[in-house]
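# Observations on the model geometry
Letter by letter, the chains look like this.
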Amino acid sequence: MALDRLSARKALQNHIDHPLLETPFHPRIEALSRSQEWYVWAGYRAPLSLTDEEMEYTALRNSCGVFDISPMKKYRISGPDAEAFLDYVMVRNVAKLGIDRVHYTCWCNDFGHVIDDGTLFRFGPESFRLCCQERQYEWLSDAADGFRVNIEEETRAVAGLALQGPTSCRVLLNAGFSGVEALRPFQLARFPHEGGEIVISRTGFTGDLGYEVWVSHDAALSIWDRLFSAGALHGIQAVGYGALNRCRIEAAFIVPNQDFMTADHVLRPDRARFPDEIGLDWLVDPAKPYFNGRRAILEAREGKGLRHVLVGLEVEGNVPADGAIVYHRGKHEAGIVTAGIWSPMAKRNIAIASLDRPYGSDITKDFFVEIYALREGRYHKLMKRATIVSRPFVKLERRTKTPPDDF
Amino acid sequence: MTSCDAIVIGGGHNGLTAAALLAASGRKTILLEASAHLGGAARTEEIAPGFRASGPAHLVNRLDPSVIRALKLDTACLSGKALPTAILDLAWGPALVRGAYGEVVEGVTPEEARAFAALREKLFFQASLLKRFLARTPPRLGKTSLGDMKDFALAGLSLISQGREEARDMLRMLLMNVADIADEYLSDDRLKALLAFDATLGIHLGPRSPTSLLGLYYRLTGETNGLPGAQYLPRGGIGSLARAFEDAARRAGAGLRTEAPVTRILSRQGRAEGVELAGGERISAPLIVAAIHPKAAFLSLAAPGEMDAGFRKQIRNIRSRGNVAKLDLALREMPRFTGVKPEDHEARIVIARNIRHVEEAFNPAKYGAYSPDPVMEITLPSLSDPSLAPQGAATLSALVQYAPYELKEGWETGKPAFLKIILDCLDRHAPGLSSTVIAARLLTPPDIEAEYRMPGGHWHHGELQVDQLLINRPVDRASSYATPMEGLYLASAGAHPGGGLSGLPGLLAARHILSGGR
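Residues numbered from 1 in each chain as written. Chains lettered and ligands numbered in written order. Predicted model: local features only at pLDDT ≥ 70, side-chain atom pairs only at ≥ 80, totals over all residues. Heavy atoms only, no water.

Residue and element names in this part refer to chain A. Burial runs high along strand β9 (residues 158–164): seven of the seven residues are buried. Where burial is concerned, the two faces of β9 agree: the one with Val158, Gly160, Ala162 and Gln164 and the one with Ala159, Leu161 and Leu163 are both buried. Sheet topology places strand β3 (residues 64–68) next to β9; four bridges connect them, and they run antiparallel. Note that in β9 the partner of Asp68 across the bridge is Leu161. Bridge analysis of β9 against strand β12 (residues 210–216) gives seven bridges, and the strand direction is antiparallel. Bridged to Gly160 within β12 is Trp214. (Buried < 20%, exposed > 50% of the residue type's maximum accessible area, 1.4 Å probe, protein only. Helix = DSSP H or I, 4+ residues; strand = E, 2+ residues; numbered from the N terminus. Pairing = 2+ DSSP bridges.)

All names here are of chain B. Read across the open sheet, the eight strands follow the order β8-β7-β6-β17-β18-β19-β16-β20; overall the sheet is mixed. One side of each edge strand has no neighbouring strand; the edge strands of this open sheet are β8 (104–106) and β20 (437–443). If you compare each strand with its neighbour and ignore which way they point, the axes differ by 20° on average. Relative to strand β18 (residues 375–379), strand β17 (residues 348–351) runs antiparallel, the two being bridged by three bridges. Each bridged residue has a counterpart across the sheet, and for Ile351 the counterpart in β18 is Met376. Strands in contact with helix α7 (residues 189–200) are β6 (85–87), β7 (95–98), β8, β17, β18 and β19 (394–401); relative to β17, the strand with the most contacts, it is inclined by about 100°. (Axes fitted to C-alpha atoms, helices over the stretch in contact; angles between N-to-C directions. Contact = heavy atoms within 4.5 Å.)

Turning next to a nonpolar patch on the surface. Residues Tyr372, Leu374 and Tyr379 of chain A make up a contiguous nonpolar surface patch of roughly 370 Å² in combined accessible area. Looking at the secondary structure, you find Leu374 of chain A in strand β18 (residues 367–374). (Patch = residues over 30% accessible without salt bridge, like charges linked within 9 Å, V, L, I, M, F, W, Y side chains within 5 Å. Areas by Shrake-Rupley, 256 points an atom, 1.4 Å probe, with all protein chains shown as cover. Salt bridge = Lys/Arg side-chain N within 4 Å of Asp/Glu carboxyl O.)

Once that is clear, we can look at the interface of chain A and chain B. Contacts between the two partners involve 20 residues from chain A and, on the opposite side, 18 residues from chain B. If you sort the residues of chain A by the area they bury against chain B, Asp110, Tyr290 and Arg295 of chain A come out on top, with a joint share of 41%. In this assembly, chain A and chain B are joined by six salt bridges. Its salt-bridge partner being Arg312 of chain B, residue Asp145 of chain A comes within 2.9 Å of it at the nearest N-O pair. At the junction of chain A and chain B, the tally comes to 18 residue pairs in polar contact (both at pLDDT 80 or more). Breaking the side of chain A that touches chain B down by element, the ones donating at least two residues are α5 (137–143) and α9 (294–302) of chain A. Among the elements that make up the side of chain A that touches chain B, the one with the highest residue count is α5 of chain A (four residues). Here the side of chain A that touches chain B is composed, by residue class, of ten nonpolar, three polar and seven charged. (Buried area = accessible area lost by both parts, 1.4 Å probe. Polar contact = N/O pair within 3.5 Å; in protein donor to acceptor, adjacent residues only side chain to side chain. Nonpolar A, V, L, I, M, F, W, Y, C, P; charged D, E, K, R; others polar.)

Residues and elements named next belong to chain B. Where helix α3 (residues 110–134) contacts helix α4 (residues 146–161), the axes come no closer than 10 Å and their chain directions differ by 175°. Here α3 is positioned roughly antiparallel relative to α4, judged by the angle of their axes. Residues Phe125, Leu129, Arg132 and Phe133 of α3 lie in contact with α4, whose contacting residues are Asp151, Phe152, Leu154, Ala155, Ser158 and Leu159. Looking at the contact of α3 with α4 residue by residue, the classes come out as seven nonpolar, one polar and two charged. (Parallel < 35°, antiparallel > 145°, perpendicular 65-115°, else oblique.)

A word on the nonpolar core. Residues and elements named next belong to chain B. Counting 77 residues, the largest nonpolar core has Ile7, Ile9, Leu32, Leu241 and Val275 as its most contacted members. Not counting the four nearest positions on each side in its chain, Leu241 is found in contact with Val60, Leu63, Leu73, Cys77, Leu78, Pro234 and Leu501. Counting residues in hydrophobic clusters, the runner-up holds 55 residues, among them Leu186, Phe197, Ala361 and Tyr402. (Core = buried A, V, L, I, M, F, W, Y, C linked by side-chain atoms within 4.5 Å.)

Residues and elements named next belong to chain A. The domains assigned to chain A are domain 1 (19–72 + 157–250), domain 2 (73–153) and domain 3 (307–389). The C-alpha centroid of domain 3 is placed 32 Å from the C-alpha centroid of domain 1. Taken together, the six residues of domain 1 in the interface contact nine residues of domain 3. Surface buried jointly by domain 1 and domain 3 totals about 630 Å² across both partners, of which 76% is contributed by carbon and sulfur atoms. Area buried by domain 1 at its contact with domain 3 is led by Arg246, Ile249 and Glu250, which between them contribute 66% of it. Linking domain 1 with domain 3 are zero salt bridges. No other element matches helix α8 (residues 241–250), which puts four residues into the side of domain 1 that touches domain 3. (Domains from an automatic or database assignment.)

Let's shift gears to helix α5 (residues 164–173) of chain B. Residue and element names in this part refer to chain B. For α5, every residue scored as buried is listed here: Ala167, Asp169, Met170 and Met173. Across the axial projection of α5, the buried residues extend over an arc of 165°, all falling on one side. Along α5, the residues that are exposed and aim more than 90 degrees away from the buried face are Arg164, Glu165, Arg168 and Leu171. Buried residues along α5 sit in contact with α3, α4, α6 (178–185) and α8 (213–221). (Arc of directions from axis to C-beta.)

Structure, rendered in structure tokens:
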């Protein structure tokens, strides 16, 4: 008896061998990993790279990269008031989101500060999925008081794979998902898989042709195998965050708590951001019914409440400006670079920066970035000219072309 | 759809006050009351054939002079003299606290009377400083006005004027518990019990709970007929004062509608536009004044999608669970309380033996049980207004503490058991009283909630404790009567300064609106 209890306790102590969660695809990713470079993504062990970041980036832009997005938080929101509820939570007009469509959106606290951004999937008149970076169950539940909605956390139950790159459509067709070529950007469809159903949406985080495949936890490995055997001759390659990050910077997509601080995480009162301050003003629909933070956002717009602006920069030279301070005329501090890379696609040194108004809004010229380049034990301080340029840095026709060209 | 300039929801005395002032400013004002009678908790209703009783408000002790002036309120019903308080004690006989909260104390030793006088003077001085902040819109953090600064400065000056020691002592006492202060100054258990009772009546605290002294300060900031701390039973009962408020609103030209329960506040894009009544009738107005519990206004009437979620969560978290039961008895004859002189039966009669009695009465309330040995204050309304009872008969009104909103055993069985406990207690102090009962109405907090539409059955519309006062009453973003919904204002006891028959929330809300936000 005592021995039973002891072994039961022993079994529970195993958690120490696996301090991080593993996604349902982990056995495959682990097996493919040569570099063994991992990082922690929302408590999950996730690859920074599997082989070589350059090669993975090349796959994303030239064939098909596969990135495991299972750690994304997923919430199923359903019920008679689901549309009204989400329209109240989101700054974007959810009534305009069609069935089997997806849109990018963000949501704010009472003070108009962005809590998080994400993609909203609409499966039916009363059924949605919100996919985002930070945990939102509590916020959604609080906001749902008075609405007839059901909010279900399905982060673990639903696994996701992003297939991105020019051959991604061909890979899916080879895998037998015919009809996928007809999907327009931000459209989704259901396909049979092993007696069950999976969802494929034409969405992604690379600004390229690409799809996201959503499957139940149990079907994860079988879908992985199905895709990889179908894609063997089309350059399918598992990629880590390093390569994906390059693509998303080229597409000028922002990452919460990287390019802006989410309202629930900031400690200092001036660090939270209005949608307008992080380039998301286009999402806000003041004409729709009241939504959370509306009054604060509109007051900020009317008064002098907007203090920052997100811009794209082109920096001279080829040294990435990630984390650099932005100066106006080399004297006045104007902001900070939140992400910067040398873009192989654009052949330009690009950066996303958050500037303090009037820099970036009224004053748009004469910027410099101060880059500290660490070279063999010594910082080289570089003052590089930076120019505000339009975003995205890389715009690909194939992102939207339907049906996609066959590569 | 009918339209007007302003709609006041709720016909309690605060709603009537706000309606009177808005109407007097020339705005076409309609007041909507859900029940058949105006006056809210102060209205008087029949409890048995020939017997009438008031709601939870059964005494006047803080009717604000500025409200009387602004409304030209007819206060003839308060022209009598201030009522004494008799604290009963079967062994020692009652102690009598006369005049304005004990200008004269009888039934105690001369030393004790002097000690009480000293404490009384100190408490009144401190309360007078706090009073300044109750009589105006609370300051807004980050938007402190010149007027706020003036008040801070004047409060500071008056504090210093009494000498450094007094200033220091006030800062020491402000957040203390009433029991420690009573023990420090007094030795007579009856007087200590009175302070303990008055500090905690209607508040979910025991006398030994930290900050319980604030309740007593609040009580002492009240004044009636120019006498701070005085208490009155209006001639004609509390209802006659309610009628005075009603008359003032009528005189000012406000339209008063009863049996007109509002079911929804209509709004568009976060701006209030009107109300919908139970029958489906809609009335539009650019200005809606909710003289009702904040939870009722923001959670029940405003659409959930029309106010920010964080704000709504704050409102949900307002502590507002009543602790007090209201008992009304129809009696065959006037009761006689042991040791109390016949002419002193007009007093407020307090049954609380000592601090420990009040504290031990509180203990079960923390765990969802009523006090097996409750404390209470009693008035005999028909003494001052014979019309409330048939010839020779009498009414008794009592506020009995503690009766938790959420009773673990349920009020269905709890209510008769609690009533028996109260009647037994009354019999001990007025032998034979229970045998003269013709009818009894015991309103538990859930009854008060249903009857007077006060969520939680709390007459302050939210605990009157330090975290729900001033700039945090009811919550920070609605503390200056304006609310996050444009065009919607709060004017009830749930707003600053709080509950009781003062009229101040209604007055200050109306002034805030009329001044265009100061």
